[in-house]
Amino acid sequence: QVQLVESGGGLVQAGGSLRLSCAASGSTFSTQDMGWYRQAPGKQRELVAHISGDGITTYADFAKGRFTISRDNAKNIVFLQMSSLKPEDTAVYYCKYWGTLLDYWGQGTQVTVSS
């Protein structure tokens, strides 16, 4: 069983920055892919960024140049550094763990960007 706990969300003004963290436990972390998704009210959940076990990263177009995903395998944490935030980035942000047999999700952390 994998547990994922996100933190770091909050209210920020447009143009500001936030760093989200996702702490993983109960699993082999370093070899597994991790990622961040988000879901705005009335919209589908969408991929924000993905990082492979060996550190290869991919980003949604809206995240390129503004968001950075990283991981600390020694501490079993994945981060999402977000800068130049826009009101349209307002959403609940979820951490995802791609397991060998199952995928796991965190409970989500709210990010609200005011204009």
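As shown above, the structure is provided for reference.
Our subject in this report is the structure included herewith. (Residues numbered from 1 in each chain as written. Predicted model: local features only at pLDDT ≥ 70, side-chain atom pairs only at ≥ 80, totals over all residues. Heavy atoms only, no water.)

Some points on the overall build of the chain
Then, number 1: Counting secondary structure elements, the chain contains 0 helices and 11 strands.
Then, number 2: Helices (α) and strands (β) of the chain occur, in sequence order from the N terminus, as β-β-β-β-β-β-β-β-β-β-β.
Then, number 3: The globule rule puts the C-alpha radius of gyration for 115 residues at 13 Å, and the 13 Å found for the chain is close to it.
Then, number 4: Along the longest, intermediate and shortest principal axes, the C-alpha atoms of the chain span 40 × 25 × 20 Å.
Then, number 5: In the chain, buried positions account for 43% of the 115 residues.
Then, number 6: A separation threshold of at least 6 residues defines the contact pool for the chain, and within that pool the share at least 24 residues apart is 53%. (Helix = DSSP H or I, 4+ residues; strand = E, 2+ residues; numbered from the N terminus. Rg over C-alpha atoms; globule rule 2.2 N^0.38 Å. Buried < 20%, exposed > 50% of the residue type's maximum accessible area, 1.4 Å probe, protein only. Contact = heavy atoms within 4.5 Å.)

Overview of the environment of Glu6
Then, number 1: Along the polypeptide, Glu6 turns up in strand 1 (residues 3-7).
Then, number 2: Residue Glu6 is classed as buried on the basis of its relative accessible area, which comes to 5%.
Then, number 3: Residues within four places of Glu6 in sequence aside, it is in contact with Ser21, Cys22, Trp36, Tyr93, Tyr94, Cys95, Gly106, Gln107, Gly108 and Thr109.
Then, number 4: Looking at Glu6, its side chain comes within polar contact range of the main-chain nitrogen of Gln107, at 2.9 Å. (Polar contact = N/O pair within 3.5 Å; in protein donor to acceptor, adjacent residues only side chain to side chain.)

What to know about the nonpolar core
Then, number 1: Counting 28 residues, the largest nonpolar core has Leu4, Met34, Trp36, Val78, Leu80, Met82 and Tyr93 as the members making the most contacts within it.
Then, number 2: Mapped onto this core, the elements with two or more residues apiece are strand 3 (18-25), strand 4 (34-39), strand 5 (46-51), strand 7 (67-72), strand 8 (77-82), strand 9 (91-98) and strand 11 (109-114).
Then, number 3: Leu80 has contacts with Leu18, Arg19, Leu20, Trp36, Val48, Ala49, Phe67, Thr68, Ile69 and Tyr93, leaving out every residue within four places of it along the chain. (Core = buried A, V, L, I, M, F, W, Y, C linked by side-chain atoms within 4.5 Å.)

Describing the sheet that holds strand 7
Then, number 1: What the 4 strands build is an open sheet, ordered 1-3-8-7; its pairing is antiparallel. Since the sheet does not close on itself, it has two edges, and those belong to strand 1 and strand 7, each with one partner. On average, each strand axis in the sheet is tilted by 15° relative to the strand beside it, whichever way the strands run. (Pairing = 2+ DSSP bridges. Axes fitted to C-alpha atoms, helices over the stretch in contact; angles between N-to-C directions.)

Observations regarding the pairing of strand 3
Then, number 1: Strand direction decides the pairing type here: strand 1 and strand 3, joined by 5 bridges, are antiparallel. In the strand pairing of strand 3, Val5 is matched with Ala23.
Then, number 2: The sheet contact formed by strand 3 and strand 8 spans 6 bridges and is antiparallel. The partner of Ser21 across the bridge, within strand 8, is Phe79.

Considerations on the pattern of salt bridges
Side chains that carry opposite charge are capable of pairing whenever their charged atoms lie near each other.
Then, number 1: On inspection of all chains with the given rule, the structure shows 5 salt bridges.
Then, number 2: Across the salt bridge formed by Lys64 and Asp61, the nearest N and O atoms sit 3.1 Å from each other.
Then, number 3: Owing to a relative accessible area of 64%, Asp61 belongs among the exposed residues under this scheme.
Then, number 4: A salt bridge links Asp89 to Arg66, with the shortest nitrogen-to-oxygen separation between them at 2.7 Å. With Asp89 in the loop between strand 8 and strand 9 and Arg66 in the loop between strand 6 (57-59) and strand 7, this residue pair connects regions lying 23 residues apart in the sequence.
Then, number 5: Here the salt bridges share partners, and the residues they tie into one network are Arg38, Glu46, Arg66 and Asp89. (Salt bridge = Lys/Arg side-chain N within 4 Å of Asp/Glu carboxyl O.)

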